[in-house]
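Given next are the chains, with one letter for each unit.
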Amino acid sequence: MPTYKLSYFNVPGRGELIRLLFSAAKVEFEDHRFEFSEWPELKSKMPFNQVPVLYIDGTPLCESGAIFRYLATEFGMNGANSLQAAYIEMVHGVLHDVYSKLPFMEKDAKVKKEKTTAVHQEHILPALLKIEKKFSESKRQYLVGDKLSYADLKLTNNLILTEERAPEILPQLPNLCALRDRVRNLDGVKQYLASRPESIF
């Protein structure tokens, strides 16, 4: 087994799915978190002046998508074949597109709450309702195929965020919430979620 070190800001962001993959697989890694104030000094040390960077036996791998797809494949969480892998990437892409519209950097608390509610109603809920319908009809335990994938981890992390910031939409998503609860209670994931730092965003 290689040694792994993940370098990323001390926030969820583009590093959180990677951390969840390690946790779900119960694979040890060095979780190198740093503050925004440290970034100017660290930036030039990163291969492309950006993060996340995953060091595999000391060799860097950049770009979050490349990192989590590599790890998901290594850990058996990227589908049983190339078609399943494509659908897993599709689900991830849909969730990323709508959740990235949230006003994470907004400073004004009132404005942030209003924008968060609007994004959930106008973008996130419509997408989740479509996924809920397909998932309900499939009668499966997981979003794609018959085992855990990074799509399930992505969904779980996003729904935990929604649980905190727009819980009023969740009663419309009973099957996805049940999936979220199964995944959040998996050995490894449960311990990580209980110990991860609270996000400043």
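Note that the structure is a prediction, hence the values are computed from the model and not measured.

Rules used in this analysis
Residues numbered from 1 in each chain as written. Predicted model: local features only at pLDDT ≥ 70, side-chain atom pairs only at ≥ 80, totals over all residues. Heavy atoms only, no water. Axes fitted to C-alpha atoms, helices over the stretch in contact; angles between N-to-C directions. Helix = DSSP H or I, 4+ residues; strand = E, 2+ residues; numbered from the N terminus. Parallel < 35°, antiparallel > 145°, perpendicular 65-115°, else oblique. Left-handed = near helix turned anticlockwise from the far one by under 90°. Contact = heavy atoms within 4.5 Å. Nonpolar A, V, L, I, M, F, W, Y, C, P; charged D, E, K, R; others polar. Buried < 20%, exposed > 50% of the residue type's maximum accessible area, 1.4 Å probe, protein only. 1 Å grid on protein atoms, 1.4 Å probe; cavity = no way out; pocket = protein on both sides within 12 Å on 5 of 7 lines; lining within 4 Å. Points joined across faces, edges and corners; volume = space filled by probe spheres on them.

(A) View of the packing of helix H1 (residues 16–25) against helix H3 (residues 64–74). Running from N to C, H1 and H3 point in directions that differ by 10 degrees, and their axes come no closer than 9 Å. Regarding the angle of H1 to H3, the classification is roughly parallel. For the pair H1 and H3, the sense of crossing is left-handed. Contacts between H1 and H3 involve Leu-17, Ile-18, Leu-21 and Phe-22 from the former and Ser-64, Ile-67, Phe-68, Leu-71 and Ala-72 from the latter. Grouping the amino acids of the contact of H1 with H3 by side-chain chemistry returns 8 nonpolar, 1 polar and no charged.

(B) Expanded view of H1. Counting buried positions along H1 gives 9 out of 10 residues, so the element sits mostly inside the fold. When we look at burial in H1, the residues that qualify are Glu-16, Leu-17, Ile-18, Arg-19, Leu-20, Leu-21, Phe-22, Ser-23 and Ala-24.

(C) Molecular detail of the layout of surface pockets. There is about 1,000 Å³ of room inside the largest pocket. What lines the largest pocket is a set of 33 residues, and nearest its centre among them are Pro-12, Gly-13, Arg-14, Phe-104 and Asn-157. Secondary-structure elements contributing two or more residues to the lining of the largest pocket are H1, H3, helix H4 (82–99) and helix H6 (150–165). The dominant element in the lining of the largest pocket, judged by the number of residues it contributes, is H6, at 8 residues. Of the residues in the lining of the largest pocket, the class split is 15 nonpolar, 9 polar and 9 charged. As for the second largest pocket, its lining consists of 14 residues, of which Met-90, Val-91, Ile-131, Lys-134 and Leu-143 are closest to the centre. Taken together, the elements giving at least two residues each to the lining of the second largest pocket come down to H4 and helix H5 (109–138). Looking at which element gives the most residues to the lining of the second largest pocket, the answer is H5, with 6 residues.

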